[in-house]
Protein chains: 2
Amino acid sequence: MNIRNSTSNIGNPTPFNAPIGVFDSGIGGLTVVAELRRALPDERILYVGDTARVPYGGKSAGTVTRYSREISDLLVTEGAKLIVVACNTASALAVPELASSYNVPMIGVLEPGAVAAVKATRSGKIGVIGTRATIGSGAYSRAIYSLNPGVSVTATACPLLVPLIEEGLFDDEITDLVLSRYLEPMLKSGIDTLVLGCTHYPLLKNAILKICGDRVTLVDSAENCALAVKAILARSEHAVVEPHLDILLTDSSEGFLRIAEKSLDLKIDSLAIRSVGN
Amino acid sequence: MNIRNSTSNIGNPTPFNAPIGVFDSGIGGLTVVAELRRALPDERILYVGDTARVPYGGKSAGTVTRYSREISDLLVTEGAKLIVVACNTASALAVPELASSYNVPMIGVLEPGAVAAVKATRSGKIGVIGTRATIGSGAYSRAIYSLNPGVSVTATACPLLVPLIEEGLFDDEITDLVLSRYLEPMLKSGIDTLVLGCTHYPLLKNAILKICGDRVTLVDSAENCALAVKAILARSEHAVVEPHLDILLTDSSEGFLRIAEKSLDLKIDSLAIRSVGN
């Protein structure tokens, strides 16, 4: 894997090998790439991580939408045949406004997660965890209620989880203590389903399972988003040429890319730095 | 305090009431403003927090320098008579390159902290804590060694502290556990002086003192920076008109501004949102 500063196109995508475009505020969306790789092993994937402006989770809807538009424009310029918004914050705040602006389908991680949660619950009590911006938007609650107005949703912002994950503290007493603080009140309220409403969170699955035990079904939005992408592509004509994963970041990113690459067992074919927006 | 979207100048600064310009990646630099207010109670202060792109602490030197230049340009346009870089990451990565670009003095928080640490140590063993970018730059170690090559410096990146502070967890077992993890090895190595190398950290002074006890002198770069600014202004002619604190943010910022305002007992006269760079 070589790192380069790049202003030219990634390879030479044509209608026959157009990539699936995926973006996130940073590296966390690679959990979605890992699931896409599993669901669609032969697809070419172009991932953009906006590491120069990461994180989106504490920022306003206007700013997150502006950043998401700039990254989506880049993906379309690079020939993406479909845009996957592999960031719950951008899915909640920007996708509703942006989805109709492009000639290619745009799919967020939020809807697929909501559908899976409604399917999974038996007690009708669903918990959602996410960033402050995602939870504050109320987008998960709205999506779940629109599918089934009879369920109850408990949503909790967990702003400390992303920093812990980016430090690689997957199996650590600090992480366990933070998770207990966030999850115990939700468990006491009787949830039987928990939506991991941030693309970083699947990396904490084991730690979350330690606290929730088998009382709760975890809904991984990454996994469900990949299945939704597979369904869209199955409905359209597309030629598959070769599996390939190219990554563009808007700033150099040190530790966490390596942590994610290793934890997710991803093969990265190229990594380049590209300025966006300014 | 009223919030407005702003493209016009802050008040109408003239050479006679030109503000001290202060900037940080976000809200944390208000600890420096609080110290400036204490050292120079009659000065007009204009603070810019780059909340649209916060944090700087994990980003590259190139990106941090670009962002710092954009904010400094804004401060100069607004008539600042002096630029205080109230962000250790920007002080470490951007000030050396930018300081000569402006017609007004630019002062970072790093040098004053280094000077105070060298003065304070008896054992000759100094600890420094900061963001990943600040510590990775080696700027504190270089500044301290250049003042006294005989001391030894132990520097530790503490990336979890800013998120904990932004959650307001000043007195919390999670924060105590994280601090112990970072500080115990430094204490064991025999440091008697600890530089708080991030403008957020003074908000954790009490929690840090609980772990360090009276074995260690804490060096607050905010306090020392304010004294350095006072010394510069004492050397130049300047007319003082009225105390005033105006704040510009590049994105709306919810909880942490209120936490900082309350913890630091600051009176904010105006708050506006202003886009920068893109």
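Presented here is a report on the structure given in the accompanying data block.

About the criteria used
Residues numbered from 1 in each chain as written. Chains lettered and ligands numbered in written order. Predicted model: local features only at pLDDT ≥ 70, side-chain atom pairs only at ≥ 80, totals over all residues. Contact = placed C-beta atoms within 7 Å. Helix = DSSP H or I, 4+ residues; strand = E, 2+ residues; numbered from the N terminus. Nonpolar A, V, L, I, M, F, W, Y, C, P; charged D, E, K, R; others polar. Buried ≥ 20, exposed ≤ 12 C-beta atoms within 10 Å, placed from the backbone. Pairing = 2+ DSSP bridges. Right-handed = clockwise from strand over helix to strand, strands pointing away. Axes fitted to C-alpha atoms, helices over the stretch in contact; angles between N-to-C directions.

### Examining the interface of chain A and chain B
Then, in step 1: Each partner contributes to the interface: chain A provides 16 residues, whereas chain B provides 17 residues.
Then, in step 2: Looking at the side of chain A that touches chain B, the element that brings in the most residues is helix 9 (residues 173–188) of chain A, giving three residues.
Then, in step 3: Tallied by class, residues from the side of chain A that touches chain B come to seven nonpolar, five polar and four charged.

### Quick word on the pairing of strand 3 (residues 44–49) of chain A
Residue and element names in this part refer to chain A.
Then, in step 1: For strand 3, a buried count of six out of six residues is recorded, marking the element as mostly surrounded by other parts of the structure.
Then, in step 2: Going residue by residue along strand 3, you find Arg44, Leu46 and Val48 tucked away on one face and Ile45, Tyr47 and Gly49 tucked away on the opposite face as well.
Then, in step 3: Sheet topology places strand 2 (residues 20–24) next to strand 3; five bridges connect them, and they run parallel. Within the sheet, the bridge partner assigned to aspartate 24 lies in strand 3 and is glycine 49.
Then, in step 4: Following the backbone out of strand 2, through helix 1 (residues 30–39) and into the adjacent parallel strand 3, one traces a crossover that is right-handed.
Then, in step 5: Here strand 3 pairs with strand 10 (residues 244–249) via six bridges, running parallel.

### A short note on the sheet that holds strand 6 (residues 125–130) of chain B
Residue and element names in this part refer to chain B.
Then, in step 1: Spatially, the four strands line up as an open sheet ordered 7-6-8-9, and their pairing is parallel. For this open sheet the edge positions go to strand 7 (152–157) and strand 9 (217–220), each flanked by a neighbour on one side alone. Neighbour-to-neighbour, the strand axes of this sheet turn through a mean angle of 20°, independent of strand direction.
Then, in step 2: The pairing of strand 6 with strand 8 (residues 193–197) spans five bridges and is parallel. In the strand pairing of strand 8, glycine 130 is matched with glycine 197.

That's the geometry; what it means functionally is another story.
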